[in-house]
Amino acid sequence: MVSLREALGEFKEDKNIDRATMMSVLEECFRSVIARTYGTDENYDVIVNPDKGDFEIYRNRTVVEDGEVTDPNMQISLSDARKVEADYEVGEELTEQVQFSEFGRRAILTLRQTLASRILELEHDTLYNQYKDRVGEIITAEVYQSWKRETLLVDDNNTELVLPRQEQIPSDFFRKDETVRAVILNVDNSNGKPRIILSRTSPLFLQRMLEQEVPEINDGLITVHKIARIPGERAKIAVESYDERIDPVGACVGVKGSRVHGIVRELHGENIDVIPFTPNIKVFIARALSPAQVNSIEINEEDHTADVYLDPEEVSLAIGKGGQNIKLASMLTGYTIDVFRESQGEEDGVDDVNLDEFANEIDPWIIEELKKIGMQTARDVLGAKREFLVEKADLEEETVDEVLDILAAEFE
């Protein structure tokens, strides 16, 4: 009897593979070696005993008359059979144990290589099956090593997890052995080796943390319809309550923000706006642009665009710092939003003029910067304060003065 541990000495004891599967693989590998050596494994019985760390191989051969053996692997002569047991007769089947050492060094080496390959495949399959159904789940792991493009973490089972740089919050900085929370984004098994990808920037990460902090979400009383994030900066969340007695916004925020404080800390100060969801798209867009107060909205369903009209002093609020508010509102609602100052009609008997009409006098990039802050026409710009244009459009004072002069000349 050959020791199974000798054949598998290079492998770890714990492969995280169940016994039945392991026995099946071992038998498969032994049979593969036997088939290579003798051309078939049909007349062999392989018994694997992983508890004892050994295995047994038995060969079954048919007893034939002396001199009529045509296949020594399948047949045995009567005289040789009677050396094993004296009462064997022609036509009977003789079963005898075969020592694996008789197969030779090459067979043993082949067995090792086959086992190594199959066990590695099993480990990968087991890992993939364990994590494919956990996508979207929050996991806590320790930092093992950080590189420029990704951070490698390990969980309690010493499974390697990958947190790519693009899935990290810009201000994230990890030290070895530090505990990190993230959501399982996906399990990439394209090359046969599972690669478990984590994310801290996915809206799903924020949603899962909300579910942990807000019991009403877990109980199905409140639904999170959509989340839009600029990771580490700001987020907007649309929620709806199915119980009229529950205020969805208040329940998510908590008393004095108690339910979001921990989330905000985890996300490095990411400001979280919670707004009530409504299927009325105009109302939803107006709520998404909060804290700005909207006067009116024109919707184009075909190309999913919305023209939003506001009082001049509300434009900067609608756009937000660096355009964050309007960007998040567009992400949340699924509509491309353009904001306009409320038209006051004709002034001095002269109609307004679109900024694009001044492309020959004003550099196009300047016009684009003005559009980003809600300036669409000449009167929009002329009606804004000089300091507002300098700060929000990030233009030099001399550039703003030059633009104002060009536009004012149009109405003189």
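What counts, and at which threshold
Residues numbered from 1 in each chain as written. Predicted model: local features only at pLDDT ≥ 70, side-chain atom pairs only at ≥ 80, totals over all residues. Heavy atoms only, no water. Phe/Tyr/Trp six-rings, centres within 6.5 Å; stacked < 30°, edge-to-face > 60°. Buried < 20%, exposed > 50% of the residue type's maximum accessible area, 1.4 Å probe, protein only. Helix = DSSP H or I, 4+ residues; strand = E, 2+ residues; numbered from the N terminus. Lys NZ or Arg CZ within 6 Å of the ring centre and 35° of its normal. Pairing = 2+ DSSP bridges. Axes fitted to C-alpha atoms, helices over the stretch in contact; angles between N-to-C directions. Contact = heavy atoms within 4.5 Å. Core = buried A, V, L, I, M, F, W, Y, C linked by side-chain atoms within 4.5 Å. Parallel < 35°, antiparallel > 145°, perpendicular 65-115°, else oblique. Nonpolar A, V, L, I, M, F, W, Y, C, P; charged D, E, K, R; others polar. Polar contact = N/O pair within 3.5 Å; in protein donor to acceptor, adjacent residues only side chain to side chain. Expected span 1.5 Å × (residues − 1). Left-handed = near helix turned anticlockwise from the far one by under 90°.

Asks: I'd like a rundown of the packing of aromatic side chains, residues and numbers included.
Replies: Describing an aromatic ring pair means giving the distance of the ring centres and the angle of the ring planes. The final tally for this structure, using the stated rule, is three aromatic pairs. Centre to centre, the rings of Phe277 and Phe284 are 5.1 Å apart; their planes meet at 75°, and the pair counts as edge-to-face. Looking at Phe277, the relative accessible area reads 23%, which means it is partly exposed. Note on Phe284: relative accessible area 4%, which makes it buried. Their ring planes at 25° and their centres at 5.3 Å tell us that Tyr309 and Phe340 sit as a pair that is stacked. Placement of the pair is Tyr309 in strand S14 (residues 305-310) and Phe340 in strand S15 (residues 336-341), with a sequence separation of 31 residues. Across the pair, exposure class does not vary: Tyr309 and Phe340 are buried alike. Over the ring of Tyr38 we find Arg59, and its NZ or CZ is 5.8 Å from the ring centre.

Asks: Tell me about the sheet that holds strand S13 (residues 294-300), residues and numbers included.
Replies: Strand order in the open sheet made by the three strands is S13-S14-S15, with mixed pairing throughout. Two strands close off the open sheet at either side, each with one partner strand: S13 and S15. Averaged over all pairs of adjacent strands, the angle between their axes in this sheet comes to 20°, without regard to strand direction. Helix H9 (residues 281-288) contacts S13, S14 and S15 of the sheet and is inclined by roughly 130° relative to S13.

Asks: Run through the nonpolar core, naming residues and quoting values.
Replies: By size, the foremost hydrophobic cluster in this structure holds 46 residues, and its most contacted members are Ile285, Val339, Leu370, Met375, Val381 and Leu389. It is helix H15 (residues 397-410) that provides the largest number of residues to this core, a total of five residues. Apart from residues no more than four positions distant in its own chain, Leu389 is found in contact with Leu370, Ile373, Met375, Val381, Ala384, Asp394, Leu395, Val400 and Leu404. The next biggest cluster of nonpolar side chains, apart from the first, holds 22 residues, and it includes Leu210, Val214, Ile263 and Leu267.

Asks: Can you explain the packing of helix H10 (residues 312-319) against helix H11 (residues 324-333)? Please cite residues and give values.
Replies: Where H10 meets H11, the axes come as close as 5 Å, and the angle between the chain directions of the two elements is 65°. Here H10 is positioned roughly perpendicular relative to H11, judged by the angle of their axes. Counted together, Leu317, Ala318 and Ile319 of H10 and Gln324, Asn325 and Ile326 of H11 form the full contact between these two elements. Residues belonging to the contact of H10 with H11 are distributed by class as follows: four nonpolar, two polar and no charged.

Asks: If you had to explain the environment of Arg59 to someone new, which residues and values would you point to?
Replies: Within the element layout of this structure, Arg59 appears in strand S2 (residues 54-64). According to the relative accessible area criterion, Arg59 is buried, its value standing at 14%. Residues Arg59 and Thr40, spaced 19 residues apart in sequence, show a C-alpha to C-alpha distance of 11 Å. What Arg59 contacts, discounting residues up to four positions off in sequence, is Tyr38, Asn43, Tyr44, Pro72, Asn73, Leu94, Thr95, Glu96 and Val98. A polar contact is formed between the side chain of Arg59 and the side chain of Asn73, at a distance of 3.5 Å.

Asks: Now, about H15: what can you tell me, with residues and values included?
Replies: Taking 1.5 Å of rise per residue, the 14 residues of H15 would be expected to cover 20 Å, and the 21 Å separating its terminal C-alpha atoms lies within 8% of that figure. Buried residues belonging to H15 abut helix H12 (364-372), helix H13 (378-382) and helix H14 (386-392).

Asks: Requested: an account of the packing of helix H5 (residues 203-213) against helix H8 (residues 258-266), with residues and values cited.
Replies: Look at H5 against H8: their axes get within 10 Å of each other, and the N-to-C directions meet at 145°. Pair H5 / H8 crosses with right-handed handedness. Each of Phe205, Leu206, Met209, Leu210 and Glu213 in H5 lies in contact with H8, whose residues at this interface are Arg259, Ile263 and Glu266.

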